[in-house]
Each structure stands twice: as structure tokens, then as C-alpha cells.
Amino acid sequence: MAWTRARRRWAWVLALGLAAVAIAVPLTVARRDEPTPRGTLHNVLLKDFEVRQEATVVPAGTVSFLIRNQGPTTHEVIVVRTDLAPDKLPLQSDGLTVDEEERGVKFLEEVEGLDIDDRETLILDLAPGHYVLYCNLEGHYLGGMYEALTVR
């Protein structure tokens, strides 16, 4: 059987179609693993030594933190409940990272290993009180990468 120009063209169209499906299916499955935001939506942007929120006060109940790392390096977000000032969290013996097990700090949850432009959703049920969001990679907290959040 000779491959005519028309048959070669159809073979290429078929190959490109199969390649598109091979790429689209894993992306669709990966998106299903991301939790569906619910409750109060709260955007959090991570930048070089900065945690930026769209608001510093949210209502009590379910809060979906829509987190985006804008870089320029890997970051993480840790959420703790505390009455301490955001810049007065206790440090571990290394002097570079926060001690989440210290008295006065209640660890709630974290999202680790956010590469540049990664996006994650963290869903928490929050009672009224004071919270701090921060990055606990070495030196990031000390560099000012924290933000207070009040829940009412």
C-alpha cells in the first residue's frame, strides 16, 4: 500500500489529535484533585519576603485560602492561631524558623513546597480569633514574610 499525500496528511492529523488527548486528559484529572473552594474565598499572594492578603479580616466559618506563589523562590504557607503579634512568634533553637509547638501558638495547617507560580487551595474552618499566616523556610519569617488575619 503506497502512502499518498492525502493519507500522510490524515496520519498527521490523527497523530496530533491523539497527542492533544494525551495532554488534556492528565490535566483534567489533576484539576479534579484540587479542592473546590467554599465558604469565604480569601486570596493570598506569596512574594519575596511578603505575604499579601486581599483582606485582614474574614468572617468565622469555612475559609478557602486561594494561595499563589509569585516567587522568586519556593515558599510555603503555615496558618497558626495565636494572640501573639505576627512578628513575635517564638523561634526554634536555630533562630531562623518559627517553633509551631511552642506555648501560645496553635498550628492549624500548612501548604509546603510551592514553586514559582504554583497555586493551591487550603480550606479551613476558623473560629473567631487571631491568626498568623507565614512562610517558615529558613529566614523567610525573619525577613518579614508573615501577615496577621483576624476572624470575626
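Since the structure is predicted, the reported quantities are computational estimates derived from the model, not experimental observations.

Conventions and cut-offs
- Residues numbered from 1 in each chain as written.
- Predicted model: local features only at pLDDT ≥ 70, side-chain atom pairs only at ≥ 80, totals over all residues.
- Heavy atoms only, no water.
- Phe/Tyr/Trp six-rings, centres within 6.5 Å; stacked < 30°, edge-to-face > 60°.
- Buried < 20%, exposed > 50% of the residue type's maximum accessible area, 1.4 Å probe, protein only.
- Helix = DSSP H or I, 4+ residues; strand = E, 2+ residues; numbered from the N terminus.
- Pairing = 2+ DSSP bridges.
- Axes fitted to C-alpha atoms, helices over the stretch in contact; angles between N-to-C directions.
- Salt bridge = Lys/Arg side-chain N within 4 Å of Asp/Glu carboxyl O.

Draft legend 1. Representation of the packing of aromatic side chains in the model. For the structure shown, the criterion picks out two aromatic pairs. With a centroid separation of 5.8 Å and 70 degrees between ring planes, the pair formed by Tyr-134 and Tyr-141 is classed as edge-to-face. Centroid distance Tyr-141 to Tyr-146: 5.1 Å. Interplanar angle 45 degrees. Geometry classified as tilted. According to the relative accessible area criterion, Tyr-141 is buried, its value standing at 3%. An aromatic cluster is built from Tyr-134, Tyr-141 and Tyr-146, whose rings are joined through pairwise contacts.

Draft legend 2. Unusual backbone geometry, seen in detail. Residues Gly-71 and Pro-72 are joined by a peptide bond in cis, for which omega reads 10 degrees. When you line up the elements, Pro-72 lands in the loop between β4 (61–69) and β5 (75–82). We note that Phe-49 has phi near 55 degrees; this positive angle belongs to a residue other than glycine. Within the element layout of this structure, Phe-49 appears in the loop between β1 (40–47) and β2 (50–53). The exposure class assigned to Phe-49 is partly exposed, which follows from its relative accessible area of 37%. Phi at Asp-117 takes a positive value of approximately 70 degrees, unusual for a residue other than glycine. By the element assignment, Asp-117 lies in the loop between β6 (105–114) and β7 (119–126).

Draft legend 3. Quick peek at the sheet that holds β7. Strand order in the open sheet made by the four strands is β2-β1-β4-β7, with mixed pairing throughout. In the strand order of this sheet, the two ends are held by β2 and β7, each with one partner. The sheet shows a mean angle of 25 degrees between the axes of neighbouring strands, taken without regard to direction. In this sheet, β4 lies alongside β1 in parallel orientation, the contact comprising seven bridges. By the bridge assignment for β4, Leu-45 is matched with Arg-68.

Draft legend 4. A look at the sheet that holds β6. Spatially, β3-β9-β8-β5-β6 is the arrangement adopted by the five strands of the open sheet, whose pairing is mixed. Both edges of this open sheet fall to β3 (57–58) and β6, since each of them pairs with a single strand only. The pairing of strand β8 (residues 129–134) with strand β9 (residues 146–151) spans six bridges and is antiparallel. From the neighbouring strand, Gly-129 faces β9, where its bridge partner is Val-151.

Draft legend 5. Inspection of the pattern of salt bridges at higher detail. As enumerated under the stated definition, the model contains three salt bridges in all. Between Glu-50 and Arg-52 there is a salt bridge whose closest N-O contact spans 3.1 Å. For Glu-50, a relative accessible area of 27% translates into the label partly exposed. Given the relative accessible area of 39%, Arg-52 is considered partly exposed. The shortest N-O distance in the salt bridge between Arg-68 and Asp-117 comes to 2.9 Å. One end of the pair, Arg-68, is in strand β4; the other, Asp-117, is in the loop between β6 and β7, with 49 residues separating them in the sequence. Classification of Arg-68 by relative accessible area gives partly exposed; the value is 27%. Taking relative accessible area as the criterion, Asp-117 reaches 39% and is therefore assigned partly exposed. One salt-bridge network, in which partners are shared between bridges, spans Arg-68, Asp-117 and Arg-119.

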